[in-house]
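One-letter residues, chain by chain:
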Amino acid sequence: MGFPIRRVFAVSVALYFIYMGVSKVTPILNSDLHSEYKSSFAGHARVFPGRFGVKIDPDLYRFVFGVVEIMAGASIILGDCGYSAYFYLHLVGYPEFPLLVPVHPGGG
């Protein structure tokens, strides 16, 4: 009984990641959210890589975050579990993601 519920939850979280990733990459789904991301990533690109002396174009920074979220969401849906998404999401700094990965029945 618990496994289908966990799978539905994992797929819904994956769809959320895909939706937010697509919203960062293109204004097709939500143009207001896309324009909000454009303005917020302009500030993020100055702060995070700027600490290390690296200059990154805000549009490229937003595009990379969006593509990584889309890949992570797709790997959760296509895979049997979300372990393949760890790598993608840790690249962009989602340390809380391991709490969302479903546990296989019979596994730990």
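Not measured: the values here are computed from a predicted model.

Peer 1: Quick rundown of the packing of helix H2 (residues 31-47) against helix H3 (residues 58-78)? Include the residues and the values.
Peer 2: Two measures define how a pair of helices packs: the angle their axes make with one another and the distance between the axes. At a minimum axis distance of 8 Å, the contact between H2 and H3 shows a crossing angle of 115°. With respect to their mutual orientation, H2 and H3 come out roughly perpendicular. For the crossing formed where H2 meets H3, the hand is right-handed. In this structure, H2 uses His34, Tyr37, Lys38, Phe41, Ala42, His44 and Ala45 to contact H3, whose residues at the interface are Pro58, Asp59, Tyr61, Arg62 and Phe65. Taken together, the residues that form the contact of H2 with H3 break down as seven nonpolar, two polar and three charged.

Peer 1: Which residues make up H3, and what values do they have?
Peer 2: Taking 1.5 Å as the rise per residue, H3 with 21 residues should run 30 Å; its terminal C-alpha atoms sit 30 Å apart, in good agreement. Of all the residues in H3, the buried ones are Tyr61, Arg62, Phe65, Gly66, Val68, Glu69, Ala72, Gly73, Ser75 and Ile76.

Peer 1: Which residues make up the nonpolar core, and what values do they have?
Peer 2: Judged by nonpolar contacts, Met20, Leu33, Tyr37, Phe41, Ala45, Tyr61 and Phe65 together constitute the single largest core of seven residues. Looking at this core, the elements with two or more residues in it are H2 and H3. The greatest single-element share of this core, amounting to four residues, is contributed by H2. What Met20 contacts, discounting residues up to four positions off in sequence, is Leu33, Tyr37 and Glu69.

Conventions we followed
Every chain is numbered independently, its residues counted from 1 as its sequence is written. With the structure being a predicted model, the display of local features is reserved for residues of pLDDT at least 70 and the display and counting of side-chain atom pairs for 80 or more, all residues being used for whole-chain, interface and lining totals. Side-chain measures here rest on the full set of heavy atoms in the structure, leaving out hydrogens and waters. Axes, fitted as lines to C-alpha atoms, cover a helix only where it is in contact. Angles between the N-to-C directions of the axes lie from 0 to 180 degrees. For helices the rule is a DSSP run of H or I covering at least 4 residues; for strands it is a run of E covering at least 2, with both sets numbered from the N terminus onward. Orientation labels follow simple angle bins: below 35 degrees gives roughly parallel, above 145 gives roughly antiparallel, 65 to 115 gives roughly perpendicular, and whatever is left gives oblique. Should the near helix be turned counterclockwise from the far one by less than a right angle, the crossing is left-handed, whereas a clockwise turn marks it as right-handed. In this description, contact between two residues means that some pair of their heavy atoms is separated by no more than 4.5 Å. For this classification, Asp, Glu, Lys and Arg are treated as charged, while Ala, Val, Leu, Ile, Met, Phe, Trp, Tyr, Cys and Pro are nonpolar and the rest, including Gly, are polar. Every helix has an expected span of 1.5 Å times one less than the residues it contains. Accessibility here uses a 1.4 Å probe with only protein chains present; expressed as a share of the type maximum, an area under 20% marks a residue as buried, one over 50% as exposed, and anything in between as partly exposed. We define the nonpolar core as a collection of buried residues of types Ala, Val, Leu, Ile, Met, Phe, Trp, Tyr and Cys that are connected through side-chain atoms lying within 4.5 Å of one another.

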